[in-house]
Amino acid sequence: MRLSKQERIGVLIILAVVIIGLGIFLFIVPAAQTIGTSLENRQNKENEYNAAVEKANQKGPLKEQILDAYKDGEHLADMFFSEMKSYEADAAFREFLAQCESNVLVTSLTVSEPGTATLSPSFPTESEVTYDLKQYANQGVEVEEAVAKRLARISQLATALGTSQTIGASTVSFNVKAKNTEELLKFVDEINNYTKTENGVEIRKALMLTSGIGIEYPDVAAKFDQYVVEINEQAQAAGLAAIAAGIDGEFTYEIPERTEPEEPEEGEEPTIETTYVNCGMTLTFYSIERMQNPQAQLDAQDGGAAA
C-alpha cells in the first residue's frame, strides 16, 4: 500500500512531534531538574557561606566578651580557699590563729575530711506600704518608674542568683576559752573579718563560723538573782507587817532596804579561773576551683600563638 504525498507529510510531522517529545522527556526535563537541583544547592551553599561569614564576624566581639567576663570574675575565687586535705585545713586554721589578737585559748581541735557544702543566696522581701495620701503624693510617673525598675532589678537578681550552689568545704571543730565575753566576741569578729595578703592584695577569705555560740553573763545573772531574793524578802516583810497591823500592833516588822551587790575593790581583778568563757565552735573553710584563663584556647582556635 502506497501512501499519498499528504499522508507521507502527516507521518513525517507525527514522527517529528514524537522525536521532539522524546527529546524533551529524555534530555530537556532531566537537564531542567538538574539545573533546579544545582540552583537549590547553590542557594544552600550561599546560605551556609553567609552564616559562616556572620559567625566569623561575631568571633572577634565574642572573644572580647569572653575575655572581659574572665577579667571580671578572675579574682572572685581569690576569696575562697583552694581544695584542702585535712592536714592543709589544720595548717590554714593555725595560720588564722597566729594572726588573732583576741585573748583566747583553743583546745580540742578536730579537722574533718574534705567535703562539700551548699550555699543558698537569700533576698529580702520588701513590703510596700500603701495608703491614699501616699499614692496621691507619689502619683508622679518618675516615682512609679523608679519603684518598678528597682523591683524588676531585684527580681532579675533573684532569678539569676537564686540557685543553690555546691562547693568544697573543710570543717574544723574546736573548743575555745576566752578571758571574758568581750574577748570571745572579739575572736568571732576576727573570724568574720579574716583577710590574707595574696599577690600583694589583701583579700577577705571565705571563713565562716557555722555553729552557734551561747554567751552567758554570770555577773548580770548573779545581780538579778540577788534582786529576786531581796524583792521576795521585801514582799514577805510587807505581808507580815500588814498582818501585824491588823492585830493591834502586837507584831512589828521592818522592811529591809534593797542593797546593791558588792563591787570588787579598786585594783582587785578577778582570776581567769573563775571568769573565763568556754565555748565550742565549728569553722568552715569554703573552696572553689579557679577559672582557667581562656586566652590560650581562644588563640589556638584563631590559629595564633597564645599571648
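Our structure's up above, just so we're on the same page.
Keep in mind it's a predicted model, so treat the numbers as computed, not measured.

J.: Hey, could you run me through helix H5 (residues 181-192) in this one?
T.: Residues spaced three or four apart along an α-helix point in a common direction, a consequence of the helix completing one turn every 3.6 residues. Under the 1.5 Å per step criterion, the end-to-end length of H5 is 17 Å for twelve residues, consistent within 8% with the ideal 16 Å. Thr181, Glu183, Leu184, Phe187, Val188, Glu190 and Ile191 are the residues of H5 that are buried. In this structure, the buried residues of H5 make contact with helix H2 (86-98), strand S1 (104-111), strand S3 (165-178), strand S6 (207-209) and strand S7 (277-287). Measuring from the side-chain oxygen of the N-cap residue of H5 to the backbone nitrogen of Glu182 gives 3.2 Å; that N-cap residue is Asn180.

J.: Before we go on, may I ask you to explain the packing of aromatic side chains in this structure?
T.: Aromatic ring pairs: the centre-centre distance and the angle between the two ring planes describe each pair. Tallied over the entire structure, the rule returns seven aromatic pairs. Measuring from centroid to centroid gives 6.3 Å for Phe93 and Phe96, while their planes differ by 35°, and the two rings are tilted. With a gap of three residues between them, Phe93 and Phe96 both fall in helix H2, about one helical turn apart. Accessibility assignment for this pair places Phe93 and Phe96 in one class, buried. Ring geometry for Phe96 versus Phe187: centroids 6.0 Å apart, planes at 55°, classification tilted. Taken together, the positions of Phe96 in helix H2 and Phe187 in helix H5 put the pair 91 residues apart, joining distant regions of the chain. The buried category is assigned to Phe187, whose relative accessible area is 0%. In this structure, Lys205 packs its charged tip against the face of Phe81, placed 5.0 Å from the ring centre.

J.: Whenever I open this one, the nonpolar core confuses me. Can you help?
T.: Soluble globular proteins tend to pack their nonpolar side chains together in the buried interior. If you look at the biggest cluster of nonpolar residues, it comprises 22 residues, and the most contacted ones within it are Phe96, Phe174, Phe187, Leu207, Met281 and Phe285. No other element matches S7, which puts five residues into this core.

J.: Explanation requested: the pairing of S7 in the structure shown.
T.: One face of the sheet, then the other: side chains in a regular strand alternate in exactly this way. Taken across its eleven residues, S7 has eight buried, putting it largely inside the fold. Here S3 runs beside S7; their pairing, made up of eleven bridges, is antiparallel. Bridge pairing in S7 links Ser170 to Phe285. Bridge analysis of S6 against S7 gives three bridges, and the strand direction is antiparallel.

J.: How do you make sense of the side chain of Glu190 when you look at a structure like this?
T.: Along the chain, Glu190 falls in helix H5. Polar side-chain contacts of Glu190 include one of 2.6 Å to the backbone nitrogen of Glu101. Dropping the residues within four chain positions of it, Glu190 is found in contact with Phe96, Cys100, Glu101 and Ser102.

J.: Whenever I open this one, the pattern of salt bridges confuses me. Can you help?
T.: A side chain of one charge can pair with a side chain of the opposite charge when the charged atoms of the two come close. Per the counting criterion, the structure on display carries six salt bridges. With a shortest N-O distance of 3.0 Å, Arg42 and Glu46 are connected by a salt bridge. On the criterion of helical spacing, the pair formed by Arg42 and Glu46 is a turn pair, its members being four residues apart in helix H1 (residues 5-73). With its nearest N and O atoms 4.0 Å apart, the salt bridge here joins Glu198 to Lys196. Judged by its relative accessible area of 24%, Glu198 falls in the partly exposed class. Each member of the salt-bridge network shares a partner with another, and the members are Glu95, Lys196, Glu198 and Lys205.

J.: Would you mind showing me how to read the side chain of Asp78 here?
T.: Within the secondary structure layout, Asp78 lies in the loop between H1 and H2. For Asp78, a relative accessible area of 13% gives the class buried. Other than its neighbours up to four places away in sequence, Asp78 contacts Glu198, Ile203, Lys205 and Arg290.

J.: Even after reading the chapter, I still don't get unusual backbone geometry, so can you show me in this structure?
T.: If you check the backbone angles, Ser108 has positive phi at about 55° while not being a glycine. If you trace the backbone, Ser108 turns up in strand S1.

J.: Would you explain a nonpolar patch on the surface in this entry?
T.: On the surface, Ile14, Val18, Ile20, Leu22, Ile24, Phe25, Leu26, Phe27, Ile28 and Val29 cluster together to form a nonpolar patch covering roughly 990 Å² of accessible area. Structurally, Phe25 is set in helix H1.

About the criteria used
- Counting from 1, residues in each chain are numbered in the order their sequence is written.
- pLDDT decides what is reported in this predicted model: residues at 70 or higher carry local features, side-chain atom pairs at 80 or more are listed and counted, and totals for whole chains, interfaces and linings draw on all residues regardless.
- Neither water nor hydrogens contribute to the side-chain values; these are computed over all heavy atoms in the structure.
- Strands are runs of DSSP state E lasting at least 2 residues, helices are runs of H or I lasting at least 4, and numbering of each runs from the N terminus.
- The span one expects for a helix is its residue count, reduced by one, times 1.5 Å.
- Between buried and exposed lies partly exposed: a residue is buried under 20% and exposed over 50% of the maximum accessible area for its type, with that area taken using a 1.4 Å probe on protein chains only.
- Note on contacts: a residue pair is in contact if any heavy atoms of the two residues lie within 4.5 Å.
- Under the rule applied, a polar contact is a pair of N or O atoms within 3.5 Å (in protein, one hydrogen donor and one hydrogen acceptor; residues adjacent in sequence only if both atoms are side-chain atoms).
- Working definition: a ring pair exists when centres of Phe, Tyr or Trp rings (six-membered ring for Trp) sit within 6.5 Å. Plane angles under 30 degrees give stacked, over 60 give edge-to-face, the rest tilted.
- When the NZ atom of lysine or the CZ atom of arginine is within 6 Å of a ring's centre and also within 35 degrees of its normal, the charge is said to sit over that ring.
- Nonpolar core, defined: a set of buried Ala, Val, Leu, Ile, Met, Phe, Trp, Tyr and Cys residues in which side-chain atoms within 4.5 Å join the residues together.
- Here the rule is simple: two strands pair whenever DSSP picks up at least two bridges between them.
- Between Lys or Arg on one side and Asp or Glu on the other, a salt bridge is scored when a side-chain nitrogen of the former is within 4 Å of a carboxyl oxygen of the latter.
- Each patch is assembled from residues with relative accessible area greater than 30% and no salt bridge, linking like charges that lie within 9 Å and nonpolar side chains (Val, Leu, Ile, Met, Phe, Trp, Tyr) that lie within 5 Å.
- Computed with a 1.4 Å probe, the accessible areas rest on the Shrake-Rupley method; for each residue, only the protein chains presented here act as cover.

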